[in-house]
Amino acid sequence: MDSKPKASYSSATHSSTHRPTTKFRGNIDTSADQQSAEHFSLASAILDQQQTGIVVLNHHRKVICWNNWIADWTNISPDKALGKTLETLFPDLIGTELPNTVTRALENSGDIIWSQETDPERMDIVEAAMSQGDRELPLFRISISSIASPDGSGCVLELLEAPFNPLTVRKTELTKSAQKNTKGISAALSVVSESAREISQVYAEGGLADQNLSDQGVGIISVDRFSTIKEVNNSFQAMSDFSSAQLRDKPLRLLFPAMSAGTETEVAQFFEQYSHRDEAVEAVTAEGNTLRLHVSVHPVAGGDGQLLVCRDKSGELDRENALLRERELFAALYSEVADGVALVDAQGLIEGVNPVGLEMLGLRQTELHNQPADQLISLVDSKNITLKAVTECLARGSVFYAPSNTTLQAAGGDSVPVTVSVTPLRGNNNELSGCVVVFRTVAESRRVSQRLSWQVDHDPLTGLYNRHALEREIRQSMSDVQRSNLVSILLYIDLYNFSLVNDTCGHSAGDTLLCQTAKILQGKAGKQALVARIGNDEFGILLRDQHVELAQVVAEDILEEFKVFSFPWGERRLKVGANIGMEVIDRNASSEIDILVSAAASCETSKEFGRNRLHSAYQKEDLDQRDRIAQWIPKISAALDENRFELYFQPIVPMASLADVSQSKAGGHYEALVRMIDENGQLVSPDEFIPAAERYGLIDDIDRWVVAEAIRIITGLSKTRRRGLRIAVNLSGATIGDDTYAEYLLKLLDSSGVDPSHLQFEITETAAIRQFDRAMDFIHRLKAKGCFFSLDDFGSGLSSLSYLKEIPVDFLKIDGSFVRNMESSDIDFSVVSTVNHLAHVMGVLTIAESVENQFQLTMLQDMGVDYVQGYFLATPKPAADVFG
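**Student:** Tell me about the confidence of the model for the protein, residues and numbers included.
**Tutor:** Looking at the protein, the pLDDT average stands at 79 and 77% of residues meet or exceed 70. Note that pLDDT drops below 50 for residues 164-178; the model gives that stretch 30 contacts with residues more than four away or on any other chain.

Here's what the structure looks like:
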């Protein structure tokens, strides 16, 4: 079997003294020394090991690099590709967008990315033109980036096939991945990376005992393709206390216990995960001590094994940890002391003030940064002379004590008697780096009062603002927005997997995670934002006077941070994510409570699409629609309080009874449809109020009212009238996701004495699939009680027919959009017929909804559909008309 060719560069001449698979072109000297040859061999090896297609074009748009992956994908060898344009190789590309896009990248030195998610037609055109059409996975991403190539300026095309779950890959991830790969490719082409130089130096010296690298503290481990250690250099022997003889022919996991035995690719992936997080890998010394190393992996020229370049970061990390402990200790003291403390830089500008100091000054943290300290900490002596305490301290370079009877002039106009000291701070070279100002009230009772005042607005664990303070600031933002063209933004953040940390590691670990999360959010939000902890694992960020686009950037930055964040606790390392709901505070905002509720609802919606997702209803709707929805909230709340809802019933008719629809009123199958009654006694269509109820979290209350009312109506019927009766009640996705709702229904059924077989619950296909585990648990519990279930709107949602095998429903309702159009559309007719047939094969009865005429009814009857429902058969009517 022929081996795959290595990544090749186009060449007018080719030196037979070098490896025959690597070619050079242009002004590169092909008769370079052995070290240069090893450089280019390493570059070739790096490109050959890419799990993506790499094509490098020079400024004439001719191919100068064609790696293994692209040769396999196109079935065109490097020898046939080098020196030709893409249009010459693939005539079907002529007239498409790709050649023009390449030209644009060359001319503008820009980066362009196409993906299956955003550019499916472009991807299909490229795949059809360039590939053989025999790949199992579709083309998923193409990035086109300008680079410096061996032939001068050029561009690189990177092609990537789809991962197994491409829908979970976000555009920001594609961009970062493409940028990262492009940088790596460019580095390989220029062959100037630091590690490459070190490795080439090792090769040139003929072994791993190179003195220069040892002097630099760079450890080198050589392993074969089975991850067996072949050799280590002097530097690594010194840092690990192992001799070369002790390690030779031993498995690599002897040094790195966290790594299992694996292939070359798996070894590289193991170290890459640490490199991606910029973390050190833990190794073990001969004495059993922990060694923390930064490790980079490089293929050996010739392809037999790998070199691991190791740098000892143990001492550096120890110093960082000690500094972190000191900072945490200082932060704890800074937040807890009952005195005001201000940090000032060498220019006399405020860097920060602790919470008690903020209370004493009557200011917010956002009003302090880089403001003159003497201006904000306004001190006056007994003769009413303004003191320049900070200026005096920095000028003298010694501690300044304010005289007795000094008063602090707070922002609100209050004068508070204080004692003040200003102490200079100096760096390692004894240079003045700033000062710390400590000011305390003379009266003890006032100091205690200030501390209590701080606690009213702050979370004691994280030191962030609490929900009370956030609501107050939202009200202020609502007032400010009336006078400004800018809006404010609320980000509602919910931690993912927080309960797992609490359950597996204990509450102290949970507390530590919350504090770390607070620091992450403060760092990403910036000093002008207000960050608050508003629930157990829920946080809020208020971005004042901010553009929506910029707020979205902040939210995306937070999610990017959590994508790579993992929480270490003891020997465990747990993945923790976040979901964010975004709500805009504009002139149409009604109340701080509505804003918080809407942001929380958006956060919940984001969870339906997975971890680390952002959702904003503001982006999906125009302002008029948002206004219309928001106006329904007080109306729905009032209707719930005043019981102004009514159930209407529409019959679900068995095909067998169509000969006499008006037969005996005993029994019957009906769907309960909710209607709202407005203040004037007029009926309101569910299309008007249901969207608002779903968005603002009121749909749960409506669902509870509907099922309770249906049970009340059933209990009022005679035993004869109840016989064979079944009422179908719709349940929303939010209700399915409520862990308490099943228990509520079971208790309601027990207390009412109603036979559970009278109730049929309709859940939509989308709700069932998005919350599959909860839906299955809900269905099993209620079916065990005797209730029936139907899958509503089947065919319009997310699933395939295979889900019918998993979800134990009794009825399947074929979506009305197919039924309404099946007489004029062969496709819709086929969908209805196919769904009906497969449902019957699986033992599920079918209901066709939205039947509007006799022709549709006849077609459904010929298909063998079990039940039909629609205005052609009967309109919805109130309970009195149906059961009276």
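Continuing now.
**Student:** Outline the sheet that holds strand β26 (residues 614-615), supporting the account with residue identities and numerical values.
**Tutor:** The sheet built from 5 strands is open, its strands ordered β21-β22-β20-β25-β26 with mixed pairing. Edge positions in the sheet fall to β21 (530-533) and β26, since each has one partner strand and no second. With 7 bridges joining them, strand β20 (residues 487-496) and strand β22 (residues 538-546) adopt antiparallel strand pairing. Each residue of the ladder has a partner; that of Ile489, found in β22, is Leu543.

**Student:** Residue-level account of the nonpolar core, with values.
**Tutor:** By size, the foremost hydrophobic cluster in this structure holds 80 residues, and its most contacted members are Phe649, Phe689, Phe761, Leu782, Leu860, Val868 and Phe883. At 9 residues, the largest contribution of residues to this core is made by helix α26 (residues 699-715). Setting aside its immediate chain neighbours within four residues, Phe689 contacts Trp632, Ile636, Phe645, Val674, Arg675, Met676, Val684 and Ile702. Residues Val481, Leu513, Leu559 and Ala578 belong to the second largest nonpolar core, which totals 38 residues.

**Student:** Kindly report on helix α29 (residues 741-752), identifying the contributing residues and their values.
**Tutor:** Along its 12 residues, α29 runs 16 Å from first to last C-alpha, staying within 8% of the 16 Å computed at 1.5 Å per residue. Residues of α29 that are buried: Tyr741, Ala742, Leu745, Leu746, Leu748 and Leu749. Down the axis of α29, the buried side of the element spans an arc of 160 degrees, and every buried residue falls inside it. Across α29 from its buried face, at more than 90 degrees, point the exposed residues Lys747 and Ser751. Looking at the buried positions of α29, the neighbouring elements they touch are α26, β31 (725-731), α28 (733-736), β32 (759-764) and α31 (772-785). A positive phi of about 75 degrees marks Gly753, the residue just after α29.

**Student:** Break down the packing of aromatic side chains for me, with residues and values.
**Tutor:** Following the criterion strictly, the structure yields 15 aromatic pairs and no others. A centroid spacing of 5.9 Å and a plane angle of 65 degrees characterise the contact between Phe645 and Phe689, whose relative ring orientation is edge-to-face. Taken together, the residues span a long stretch of sequence, with Phe645 in strand β27 (residues 645-651) and Phe689 in helix α25 (residues 686-695) at a distance of 44 residues. For the pair Phe645 and Phe689, a shared accessibility class is recorded, and that class is buried.

**Student:** Talk me through the environment of Arg396; I want residue IDs and the actual numbers.
**Tutor:** Looking at where Arg396 falls in the secondary structure, it is placed in helix α16 (residues 389-396). Given the relative accessible area of 46%, Arg396 is considered partly exposed. Spatially, the C-alpha atoms of Arg396 and Pro424 are 9.2 Å apart, while their sequence positions differ by 28 residues.

**Student:** So what's going on with the sheet that holds strand β7 (residues 218-223)? Which residues, and what values?
**Tutor:** Pairing is antiparallel in the open sheet, where 5 strands are placed in the order β8-β7-β11-β10-β9. Two strands bound the open sheet, and with one partner strand each, they are β8 (229-232) and β9 (281-284). Looking at each pair of strands side by side, their axes are set apart by 40 degrees on average, direction ignored. Note that β9 and strand β10 (residues 290-299) share 4 bridges and pair antiparallel.

**Student:** Lay out the pairing of strand β29 (residues 668-677) with the relevant residues and their values.
**Tutor:** Counting buried positions along β29 yields 8 of 10 residues, so the element is predominantly enclosed. Sheet topology places β27 next to β29; 7 bridges connect them, and they run antiparallel. What sits directly across from Pro651, in β29, is Tyr670. Pairing of β29 with β31, which is carried by 5 bridges, proceeds in the parallel orientation. Considered in β31, the bridge of Gly668 is made with Leu725. Alignment of β29 against strand β30 (residues 683-684), held across 2 bridges, turns out to be antiparallel. When the sheet's bridge partners are listed, Ile677 is paired in β30 with Leu683.

**Student:** So what's going on with the packing of helix α19 (residues 498-505) against helix α20 (residues 507-525)? Residues and values would help.
**Tutor:** Look at α19 against α20: their axes get within 6 Å of each other, and the N-to-C directions meet at 145 degrees. Contact with α19, carried on its side by Phe498, Val501, Asn502 and Cys505, involves His507, Ala509, Gly510, Leu513 and Leu514 of α20 and no other residues of that element. Of the residues that constitute the contact of α19 with α20, the class distribution is 6 nonpolar, 3 polar and no charged.

**Student:** Can you break down the environment of His468 residue by residue, with the values?
**Tutor:** With respect to the helices and strands, His468 occurs in helix α18 (residues 467-481). In this structure the C-alpha to C-alpha distance between His468 and Ile534, which are 66 residues apart in sequence, comes to 8.3 Å.

Rules behind the numbers
- Residues numbered from 1 in each chain as written.
- Predicted model: local features only at pLDDT ≥ 70, side-chain atom pairs only at ≥ 80, totals over all residues.
- Heavy atoms only, no water.
- pLDDT = per-residue confidence, 0-100.
- Contact = heavy atoms within 4.5 Å.
- Pairing = 2+ DSSP bridges.
- Helix = DSSP H or I, 4+ residues; strand = E, 2+ residues; numbered from the N terminus.
- Core = buried A, V, L, I, M, F, W, Y, C linked by side-chain atoms within 4.5 Å.
- Buried < 20%, exposed > 50% of the residue type's maximum accessible area, 1.4 Å probe, protein only.
- Expected span 1.5 Å × (residues − 1).
- Arc of directions from axis to C-beta.
- Phe/Tyr/Trp six-rings, centres within 6.5 Å; stacked < 30°, edge-to-face > 60°.
- Axes fitted to C-alpha atoms, helices over the stretch in contact; angles between N-to-C directions.
- Nonpolar A, V, L, I, M, F, W, Y, C, P; charged D, E, K, R; others polar.

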